[in-house]
Amino acid sequence: MSLHLPASALRALTVAALAAGAVLTAPAAGATPKEAAPAFLSASQLPPHPTSSWTAGPVTDGFPDELGMCVSTEGVPGYDYRHRRFWTDLDAGAVQLTVVAGTSAQAKALAQHYDDLIRTCADRIEEASPDVEAEGRNYGTLPVEEGARVRGLHTETSWGATDIALLSVGRDGRTVTVVKWGQMGDFQDAPVAAFKKTTRTAVDKLY
């Protein structure tokens, strides 16, 4: 026996079926698009070098060795690290690290942890290497996004090698960035004002 439905009933069933399909394929309520990856500094945004231009390498996954002396992954959750290296034709080099934590609170704690590591880096260098004298300096905070801090580190070996580095830690929401600049020299050779500008740009540019 065939079943005959009025045209109005068929239309109602069609609409209901389409609505059900829409529910299955539509994004869940409250779903948000995947967050864009943090952006990195460009070569032109590094402190100007008096005799050489900067070159930027590709953005690469992983933790950079250049931060290993002061900042490490020890005791930190297994976040996804990304970094970018910069270099000149002479002795200056730089690196930027970005880390996206699960929450803003985790990112705040991570930024504090990194800053503590940088603050105590000189003491740890001297403890590990008796033939190296190290001194750290605090260059203050910067009012950018959730804040940033800049520090300096000078090391001198018993055979006369001397190096100066500037390091900063900044945060935007749940993303932390660490920037390091370094070359041969002393504190008087450190472009502190230019590096602060670089740090502000790095944090502002994340998103």
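Our structure's up above, just so we're on the same page.
Everything numeric in this text was worked out from a predicted model, so none of it was measured.

A.B. asks: Looking at this model, I keep getting lost on the packing of aromatic side chains. Mind explaining?
C.D. replies: Think of a pair of aromatic rings as described by two things: how far the centres are apart, and how the planes are tilted against each other in angle. Under the definition given, this model contains 1 aromatic pair. Geometrically, the ring pair formed by Phe63 and Tyr81 is edge-to-face, given 5.3 Å between the ring centres and 90 degrees between the ring planes. One end of the pair, Phe63, is in the loop between strand S2 (60–61) and strand S3 (81–87); the other, Tyr81, is in strand S3, and 18 residues separate them in sequence. Residue Tyr81 is classed as buried on the basis of its relative accessible area, which comes to 11%. A cation sits over an aromatic face here: Arg137 above Phe187, 3.8 Å from the ring centre.

A.B. asks: Please explain the environment of Asp115 as it appears in this structure.
C.D. replies: Following the sequence through the fold, Asp115 ends up in helix H2 (residues 104–119). Between the C-alpha atoms of Asp115 and Cys70, which are 45 residues apart in sequence, the distance is 9.6 Å. Every residue in contact with Asp115, bar those within four places of it in the chain, is listed here: Arg149, Arg151 and Val169.

What counts, and at which threshold
Residues numbered from 1 in each chain as written. Predicted model: local features only at pLDDT ≥ 70, side-chain atom pairs only at ≥ 80, totals over all residues. Heavy atoms only, no water. Phe/Tyr/Trp six-rings, centres within 6.5 Å; stacked < 30°, edge-to-face > 60°. Helix = DSSP H or I, 4+ residues; strand = E, 2+ residues; numbered from the N terminus. Buried < 20%, exposed > 50% of the residue type's maximum accessible area, 1.4 Å probe, protein only. Lys NZ or Arg CZ within 6 Å of the ring centre and 35° of its normal. Contact = heavy atoms within 4.5 Å.

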